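# Secondary and tertiary structure notes
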Amino acid sequence: MNIDKIPAPELRADPKLTFYEDEIDLRELFFTLWVAKWLIVGITAVFAVCSVLIALWLPNIYRAEALLAPAVEEESAGGLASLAGQFGGLASLAGISLGSSSVDKTTLAIETLQSRQFFARFINEHEVLVSLFATESWNLASNQLELDDEIYDAGSAAWVREVDPPFTPAPSVQEAHEKFREVLSVSQDAESGLVRIAIEHKSPYVAADWVRWLVEDVNRYMREADIAEARRSIEFLQQQIATTPIAEMHQLLYQLIQEQTKTIMLAEVRPEYVLKTVDPAVAPEEKAKPSRALICIIGTMLGGMLACLFVLLRNAFRPEEKGIAT
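Everything numeric in this text was worked out from a predicted model, so none of it was measured.

### Quick notes on a negative patch on the surface
A cluster of acidic side chains, namely Glu-136, Glu-146, Asp-149, Glu-150, Asp-153 and Glu-162, defines a negative patch on the protein surface. Take Asp-149: it is sitting in the loop between strand S3 (144-147) and strand S4 (152-153).

Structure (structure tokens):
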């Protein structure tokens, strides 16, 4: 009889045995953790204390925000659109282009708020660079900012921070703009069109002032730009009237001058030219962050998990536990 032809018996795992072995593993796991319970408690306590210290060390951050509504009227755009439909052919013969689509000034204002050019003008007018970079904390009793001496020397009014090239002790506009974008939040609701502008700062009063200045400045910036553009358009149209012999074109050009004059008039009489304040920014009474309770809870839980993991790994790599002779 050939022994090689005898089929080997099929080995099947016994479900009861597997369950029993798993149960033993769980018991061993629990026993390992129980034996090292004081080590786990100690590591967890260290993490808990450290998380409390970190939570207390972090300064309060306050968030001030304003709710705004688009304040641009479509009268000027509608007038130009009707003129484009009525005299578009004549304007093309004279070499004048009439745009048929109106510009969304609200979107333009939002993008302007976040632009470097607008921010450069903003920091020069309001001198916010020191409070943006060098604020260490805010004194509630005196309502004064406490500056970091390693960044800015208030006595000599000089920047003393140590940075690597190409950066300089005094922050550049580009660096300051990146820092400002971290504390600035601008959003628009897709359904209602309402705009929210928010600033986060260690001082609630500084945050509220910055939001108010941003709203005022972007309205003035957009208003001045439209007035300057309208005046340039009027000068150009007056030159076209003097050089165009077509009588029908004169009617078109005079109506265009009327529309541009209306734009200047509306811009001059409306301080809130693009964004109208619905709910102004106020100094918040409560901080926005950090959540100290959450920091303590997460730190304690992290310490407990790491302590358990350390105990299990230490037990798994012990030679005597793996049956290796020492």
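Following the structure, the description resumes.
### So, the nonpolar core
Ranked by internal contacts, the top residues of the largest apolar core, which has 52 residues, are Leu-132, Phe-180, Ile-197, Ile-199, Trp-210 and Leu-214. The biggest single contributor to this core is helix H8 (residues 204-243), with 15 residues. Residue contacts for Trp-210: discarding those within four places in its chain leaves Phe-122, Val-128, Ser-131, Leu-132, Phe-180, Val-183, Ile-199 and His-201.

### Some thoughts on the sheet that holds strand S8 (residues 275-279)
If you trace the 4 strands from one edge of the open sheet to the other, you get S6-S7-S1-S8, paired in antiparallel fashion. A strand with exactly one partner marks an edge of an open sheet, and here the two such strands are strand S6 (184-188) and S8. Adjacent strand axes in the sheet meet at a mean angle of 30 degrees when their direction is disregarded. With 5 bridges connecting them, S6 and strand S7 (residues 195-201) associate as antiparallel partners. Residue pairing in the sheet places Gln-188 in a bridge with Val-195 of S7. On top of the sheet, helix H4 (residues 105-113) reaches strand S1 (62-70), S6, S7 and S8; it is set at about 170 degrees to S6, its chief contact.

### As for the side chain of Asn-219
Structurally, the position occupied by Asn-219 is in helix H8. Judged by its relative accessible area of 1%, Asn-219 falls in the buried class. For Asn-219, the side chain forms a polar contact with the main-chain oxygen of Val-215, separated by 3.0 Å.

### Concerning the environment of Glu-200
Looking at where Glu-200 falls in the secondary structure, it is placed in strand S7. By relative accessible area, Glu-200 is classed as buried at 18%. Through-space distance from the C-alpha of Glu-200 to that of Phe-180 is 9.8 Å; in sequence the pair is 20 residues apart. Excluding residues within four positions of it along the chain, Glu-200 makes contact with Ile-61, Tyr-62, Arg-63, Val-183 and Lys-289. Within the structure, the side chain of Glu-200 is placed 3.2 Å from the side chain of Lys-289, a separation counted as a polar contact.

### Topic: the pattern of salt bridges
Summed over the entire model, instances satisfying the criterion amount to 12 salt bridges. Arg-121 is the salt-bridge partner of Glu-125, the closest N and O atoms lying 3.2 Å from each other. With Glu-125 and Arg-121 both in helix H5 (residues 116-126) and 4 residues apart, this pair spans about one turn of that helix. The class of Glu-125 is partly exposed, set by a relative accessible area of 40%. One salt bridge connects Arg-212 with Asp-209, and the closest N-O pair in it is separated by 3.0 Å. Of the two residues, Arg-212 and Asp-209 both sit in helix H8, 3 residues apart, roughly one turn of that helix. Taking the relative accessible area as the measure of exposure, Arg-212 reaches 38% and is therefore partly exposed. Judged by its relative accessible area of 24%, Asp-209 is partly exposed. Each member of the salt-bridge network shares a partner with another, and the members are Arg-63, Glu-65, Arg-196, Glu-200 and Lys-289.

### Considering the packing of aromatic side chains
The full count for this structure, using the stated rule, is 10 aromatic pairs. Residues Phe-118 and Tyr-221 carry aromatic rings whose centres are separated by 5.8 Å and whose planes lie at 90 degrees to one another, so their mutual orientation is edge-to-face. Linking Phe-118 in helix H5 with Tyr-221 in helix H8, this pair joins segments that are 103 residues apart in sequence. Each member of the pair, Phe-118 as well as Tyr-221, is classed as buried. The residue whose ring lies beneath Lys-37 is Trp-34, and the NZ or CZ to ring-centre distance is 4.5 Å.

### Overview of the pairing of strand S2 (residues 135-139)
Alignment of S2 against S3, held across 4 bridges, turns out to be antiparallel. Its bridge partner being in S3, Asn-139 is matched across the sheet by Gln-144. The antiparallel pairing of S2 with S3 creates a hairpin that spans 4 residues between the two strands, and Asn-143 there sits at a positive phi of about 55 degrees.

### Thoughts on helix H9 (residues 247-269)
In an α-helix, one full turn covers 3.6 residues, which means residues spaced three or four apart are oriented alike. Look at H9: 34 Å from first C-alpha to last across 23 residues, which is about the 33 Å you get at 1.5 Å a residue. All of the buried residues in H9 are Met-249, Leu-252, Leu-253, Leu-256, Ile-257, Glu-259, Gln-260, Thr-263, Ile-264, Leu-266 and Ala-267.

### Quick look at a nonpolar patch on the surface
A surface patch of nonpolar side chains, about 820 Å² in accessible area, is lined by Ile-297, Met-301, Leu-302, Met-305, Leu-306, Leu-309, Leu-313 and Phe-317. The residue Leu-313 is located in helix H10 (residues 292-316) in this model. Overall, Leu-313 belongs to the partly exposed group, its relative accessible area being 43%.

About the thresholds
Residues numbered from 1 in each chain as written. Predicted model: local features only at pLDDT ≥ 70, side-chain atom pairs only at ≥ 80, totals over all residues. Heavy atoms only, no water. Patch = residues over 30% accessible without salt bridge, like charges linked within 9 Å, V, L, I, M, F, W, Y side chains within 5 Å. Areas by Shrake-Rupley, 256 points an atom, 1.4 Å probe, with all protein chains shown as cover. Salt bridge = Lys/Arg side-chain N within 4 Å of Asp/Glu carboxyl O. Lys, Arg positive; Asp, Glu negative; His and termini not counted. Charge placed at Lys NZ, Arg CZ, Asp CG, Glu CD. Helix = DSSP H or I, 4+ residues; strand = E, 2+ residues; numbered from the N terminus. Core = buried A, V, L, I, M, F, W, Y, C linked by side-chain atoms within 4.5 Å. Buried < 20%, exposed > 50% of the residue type's maximum accessible area, 1.4 Å probe, protein only. Contact = heavy atoms within 4.5 Å. Pairing = 2+ DSSP bridges. Axes fitted to C-alpha atoms, helices over the stretch in contact; angles between N-to-C directions. Polar contact = N/O pair within 3.5 Å; in protein donor to acceptor, adjacent residues only side chain to side chain. Phe/Tyr/Trp six-rings, centres within 6.5 Å; stacked < 30°, edge-to-face > 60°. Lys NZ or Arg CZ within 6 Å of the ring centre and 35° of its normal. Expected span 1.5 Å × (residues − 1).

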